[in-house]
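Tertiary structure, described
The primary structure of each chain is shown beneath.
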Protein chains: 2
Amino acid sequence: MGFRKGFSASAILAALLWCAPAAAGLREDVEAWRTAHEGAVVAQLDELVRLKSVAADPAGLNSTAAKLKSLLEARGFRTTLFTASGAPPVVYGLYDVGAKRTVVFYAHYDGQPVTPSQWSGDPFVPVMRDGSPGARNIDWKTVQGRFNPDWRFHGRAAADDKAAIVALLAGFDALKAAGRKPGVNIKLVWEGEEEKGSPHLADMMKAHAADLRADLWLIGDGPLHQSRTPTLYFGARGSMSLEATIYGPVRALHDGHYGNWAPNPAAMAAQLIAQMRAPDGAILIPGFADDARALTPAERTAIARLPKVEDSLRREFGIGGGESAEGLTLSTMRPALNIRGLRSGQVGAEAANAIPVEAAISIDFRLVPGQTPQGVRRKVETFLKAKGWTLVADTPDAAMRAATTRLIRLSWGGGYPALRSDMTSPAAKAAIAAASGKSPVTVLPMMGASVPIYLFDDIFHVPVIGLPITNHDNNQHAANENIRLGNLWDGIATYAAMMGSLDW
Amino acid sequence: MGFRKGFSASAILAALLWCAPAAAGLREDVEAWRTAHEGAVVAQLDELVRLKSVAADPAGLNSTAAKLKSLLEARGFRTTLFTASGAPPVVYGLYDVGAKRTVVFYAHYDGQPVTPSQWSGDPFVPVMRDGSPGARNIDWKTVQGRFNPDWRFHGRAAADDKAAIVALLAGFDALKAAGRKPGVNIKLVWEGEEEKGSPHLADMMKAHAADLRADLWLIGDGPLHQSRTPTLYFGARGSMSLEATIYGPVRALHDGHYGNWAPNPAAMAAQLIAQMRAPDGAILIPGFADDARALTPAERTAIARLPKVEDSLRREFGIGGGESAEGLTLSTMRPALNIRGLRSGQVGAEAANAIPVEAAISIDFRLVPGQTPQGVRRKVETFLKAKGWTLVADTPDAAMRAATTRLIRLSWGGGYPALRSDMTSPAAKAAIAAASGKSPVTVLPMMGASVPIYLFDDIFHVPVIGLPITNHDNNQHAANENIRLGNLWDGIATYAAMMGSLDW
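Not measured: the values here are computed from a predicted model.

1. So, the overall build of chain A
Assigned secondary structure in chain A consists of 16 helices and 21 strands. Whereas a compact globule of 504 residues would reach a radius of gyration of roughly 23 Å, chain A reaches 25 Å, a difference of no more than 12%. Sequence-distant contacts in chain A: of pairs separated by 6 or more residues, those separated by 24 or more amount to 80%. Per element, the accessible surface of chain A, about 18500 Å² overall, is 53% carbon and sulfur. Across chain A, 52 positive and 49 negative side-chain charges occur, with their mean positions spaced 2 Å apart.

Here it is in structure tokens:
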């Protein structure tokens, strides 16, 4: 297509397609377009969810990338598929309007693996349901008029992260329909292995660094603030995982004959966890948080301004209280040591009066700026050694076990650092202004969850801001993943505002 | 048969069958008989193991009881099957020689449930194996001459507890072959639901209290001391189990977004265990051991005289050291809180970055004399309440969960108290003397494991002594249960001594 001919040609062509000024009345125009196209927007999401873009299905990833490429080309984008050996393609798109600023919109088209037995239906045959606890199915294709914004559209990757892609496309279409020209040059990076930890992304971005030159990265991933207000986040915690195995006797021992003498690995695991983590989540490993960068006064102020959601979340989650009294967001600004799982012996009907042979602890750490995966590993290992543990990386043999009193096998997962970027840069201020509609946008200095956005900062040294749109209760990474329609509508407005009225 | 005619008639008949005096040379006679009958003894055990006497197979239990009855009748015992609704029969046998003293020999013919997939072969098709780590199968039926005492005979209930029954029968036959009359009147109680916790035994014993009048109970169950020396035990710890469930959020929450704020039940479980149990096994629940009766000086002396086995057990079990420095037996004289199992979230490849919805802890307590199950329960529950826990017996609903900060469901299993009986009674001294052969018998004041021998004390108020014969490493309650032939040979000698030379 003509869009492939060259940068300036396409910029000129694109510019010709738009005429209205980019600012006033934009939100109203976009809302009017959206209310008239709700069925078409959902149909677009439906089409994308049906493409099985999960790691287990490389063909599904490829066909999704091809589909996205064609959707962009139909809208006048120049597109390229960035490829690397063993990686699904990165869909790159460019819509150059000759503006002063260029913004890269990142999203991912791959979804989490599925366990179909846990789903109400086929994860790749989407269904609309009302938001009630009884969750009634709705035949949305036959619905006349507007959709209820509390309806949920269910399917793998519907929320994480295809909703972001659909919101961008719809926002783009809405601007175009209103004759509004984007205020920035638009670049797109839609990757296909985020749920695998983006193992090739850094190298692919470095290889295409010239194409990816920009003034701002907007990361279209993650959930909105729980208040359902439009949200920008200026960072994300890092992540690191650890599987630890503590060894007891080489065979399960009758605990009547040997208990209180032969070491019980389940009890040792419990002791170790209690030594590492206080009831309020504080990490007791000496020096663990020494490198953690404190929140700035501006970041503290932003957190203090967040809508209060704790009471409604307590009801939603069925919990009587929090681990600490500081509230949700401040809790998630700290480094974290989360116990993901414990396994030792047997419980319930299968329990035998035995000392288990081993205990497994699954941990994930959340890192804050200043911490590194290497530093976390060093501190944990130093702590364990100081407590008398012998550390091994492989399964020990019986001789090793017999020669060692406190033996632990550590298997570290990949990790990456956190990012908390400047909330006061001109680009940040412009994004906050553009995203604020009738009410100010919710500004989160750092998301508690981890996304490797430090990468964009590391490679490109330009502002990086998170632009989430999905509901917090989207069952992300679980069965029955869903996007709430009201969030998708707000997401379209936010994407349109970012494309149409960003100005700095 | 004539043996059914009456007590005195059978006593007279039995007395006529024997002629030699009961004391000198007995061990040599029994050993001579046994060396000539090793194949026949193993064949008897083989026949009994092939009868599937497990709770899941009531017909197998009944046919085993019938077989045992016929084996006793063939030896001149009067027999009765004590029955109760829903219970397998208790095989009762009487061999009255008109002696001054009457001894009841208890054993059980039921075995633990089996998980066939965990066995090397069919649990009810016994195999002989040598004791080496490579465990070679031996076609024992074709072996000429003596068997290696380190060979192991594998099959469900081979050790626990059919070996005790076979040892008694063989010991009886050996005495008879040597023309040695029993020194005591022999009563047998062989029950068929010990592995289910003997739920009907107390009532059945009370219903037949007149038949069971005796001067001593010998409990043929449990393993020998690990030194493989003949052993008597004068008590056993009591037992009580608890399944506890700690509740987190009603659905697994992304721990990046909610960790350190939403309670993590796995971490709470670890904290709770660490609060209840010290690394040396000491129970930290206030007042837990207040009622525990201390060891007497005589009991301490007996323990100090036990062969030292810790070093060899450490090698055998692949453990570098004990939980406490006091040695194996003293460790098992204390009350115990054993963690049998832990379950929360997922570990390894299945681990997700989530806060689990609940954590399960499986505990079994070991009680010492002075403690009661009711007292243990009260102290645990008082402790939990003092720590701020809300205790429930049923699965709580979401509203209950949302209204409660520390919610724990307790499911108590059945329990029974301990017994530590008098090691200095005339009957005890006689048993010690009779069981001592070339070297003194190993005297254990209390077995660390639990068997409900308090029952015999409670109902009959006569001395109760444990008479174990099986090897400690018999895989009791696990797959590949086995009896070491040398232990079976020693067991025959011990049973013969108890029948032939007990005198007080």
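From this point, the narrative continues.
2. Observations concerning the pattern of salt bridges
Overall, the coordinates contain 46 salt bridges over all chains when judged by the stated rule. Via salt bridges that share partners, Arg34, Glu38 and Arg146 of chain A belong to a single interconnected network.

3. Section: the sheet that holds strand β21 (residues 482-484) of chain A
Residue and element names in this part refer to chain A. Within the open sheet, the four strands sit side by side as β5-β4-β6-β21. Their pairing is antiparallel. Edge positions in the sheet fall to β5 (137-138) and β21, since each has one partner strand and no second. Pairing between strand β6 (residues 152-154) and β21: three bridges, direction antiparallel. Each bridged residue has a counterpart across the sheet, and for His154 the counterpart in β21 is Asn482.

4. Observations regarding the packing of aromatic side chains
Inspection of every chain in the model, using the stated rule, returns 28 aromatic pairs over all chains. Aromatic pair Tyr258 of chain A and Phe317 of chain B: ring centres 4.8 Å apart, planes at 75°, arrangement edge-to-face. On the criterion of chain membership, the pair formed by Tyr258 of chain A in helix α7 (residues 255-258) and Phe317 of chain B in helix α10 (residues 310-317) is interchain, its members lying in two chains. You'll find Tyr258 of chain A and Phe317 of chain B in the same group, each marked buried.

5. Things to note about the domain arrangement of chain A
All names here are of chain A. Split into domains, chain A comes out as domain 1 (2-236 + 419-501) and domain 2 (238-292 + 334-416). Spacing between the C-alpha centres of domain 1 and domain 2 amounts to 39 Å. Listed per partner, the contact involves ten residues of domain 1 and six residues of domain 2. Summed over both partners, the interface of domain 1 with domain 2 buries about 560 Å², with 59% contributed by carbon and sulfur atoms. The tally of links between domain 1 and domain 2 comes to zero salt bridges.

6. Comments concerning the pairing of strand β17 (residues 407-416) of chain A
Residues and elements named next belong to chain A. Relative to β17, strand β11 (residues 238-247) is paired through seven bridges, and the arrangement is antiparallel. Residue pairing for β17: Leu242 is matched across the bridge by Trp412. Sheet analysis places strand β16 (residues 390-392) next to β17, joined by three bridges and oriented parallel. Following the sheet pairing, Val392 is matched in β17 by Arg409.

7. Details of the pairing of strand β2 (residues 87-95) of chain B
Moving residue by residue along a regular strand, the side chains alternate between the two faces of the sheet. All names here are of chain B. For β2, a buried count of nine out of nine residues is recorded, marking the element as mostly surrounded by other parts of the structure. The pairing of strand β1 (residues 78-84) with β2 spans six bridges and is classified as antiparallel. Directly across from Leu81, in β2, lies its bridge partner Val91. If you look at the hairpin formed by β1 and β2, you'll find two residues sitting between the two strands, and Gly86 has a positive phi there, around 80°.

8. Some points on the environment of Lys67 of chain B
All names here are of chain B. Residue position: Lys67 is located in helix α4 (residues 58-74). Considered as a pair, Lys67 and Glu47 are 20 residues apart in the sequence and their alpha carbons are 9.6 Å apart. In this view, Lys67 contacts Glu47, Leu48 and Leu51; residues no more than four positions away in its chain are not counted.

9. Focus on the interface of chain A and chain B
On the chain B side, the residues contacting the 84 residues of chain A number 84 residues. Of the roughly 6900 Å² buried between chain A and chain B, counting both surfaces, carbon and sulfur atoms make up 54%. Inspection of the region where chain A meets chain B yields four salt bridges. Here Arg251 of chain B ties to Glu316 of chain A by a salt bridge, and the two come within 3.0 Å at their closest N and O atoms. Joining chain A to chain B, the criterion identifies 48 residue pairs in polar contact (both at pLDDT 80 or more). Looking at the side of chain A that touches chain B element by element, the count peaks at nine residues for strand β13 (residues 336-345) of chain A. Of the strand pairs in this sheet, β13 of chain A and strand β13 (residues 336-345) of chain B are connected by five bridges, and their pairing is antiparallel. Looking at β13 of chain B, one finds that Ser344 of chain A is bridged to Leu342 of chain B.

10. Some remarks on the relation of the copies chain A and chain B
When chain A is fitted to chain B, the residual RMSD is 0.1 Å, and the transformation amounts to a turn of 180° plus an axial shift of 0.1 Å. Taken together, the rotation angle and the small translation identify this as a two-fold axis. In terms of proximity to the rotation axis, the leading residue of chain A is Ala270 of chain A, whose C-alpha is 2.1 Å off the axis. Of the residues that chain A buries at the interface, 100% are likewise interface residues in chain B, meaning the two copies contact each other through the same surface.

11. Considering helix α10 (residues 310-317) of chain A
Three or more residues of α10 of chain A are buried, namely Glu310, Leu313 and Phe317 of chain A. Along the axis of α10 of chain A, the buried residues cluster in a sector spanning 60°; they form a single face. Buried residues in α10 of chain A make contact with α11 (328-331) of chain A together with β12 (253-254) and α7 (255-258) of chain B. Positive backbone phi, approximately 65°, marks Gly318 of chain A, located one or two places after α10 of chain A.

About the cut-offs
- Residues numbered from 1 in each chain as written.
- Chains lettered and ligands numbered in written order.
- Predicted model: local features only at pLDDT ≥ 70, side-chain atom pairs only at ≥ 80, totals over all residues.
- Heavy atoms only, no water.
- Helix = DSSP H or I, 4+ residues; strand = E, 2+ residues; numbered from the N terminus.
- Rg over C-alpha atoms; globule rule 2.2 N^0.38 Å.
- Contact = heavy atoms within 4.5 Å.
- Areas by Shrake-Rupley, 256 points an atom, 1.4 Å probe, with all protein chains shown as cover.
- Lys, Arg positive; Asp, Glu negative; His and termini not counted.
- Charge placed at Lys NZ, Arg CZ, Asp CG, Glu CD.
- Salt bridge = Lys/Arg side-chain N within 4 Å of Asp/Glu carboxyl O.
- Pairing = 2+ DSSP bridges.
- Phe/Tyr/Trp six-rings, centres within 6.5 Å; stacked < 30°, edge-to-face > 60°.
- Buried < 20%, exposed > 50% of the residue type's maximum accessible area, 1.4 Å probe, protein only.
- Domains from an automatic or database assignment.
- Buried area = accessible area lost by both parts, 1.4 Å probe.
- Polar contact = N/O pair within 3.5 Å; in protein donor to acceptor, adjacent residues only side chain to side chain.
- Least-squares fit on C-alpha atoms with pLDDT ≥ 70 in both.
- Arc of directions from axis to C-beta.

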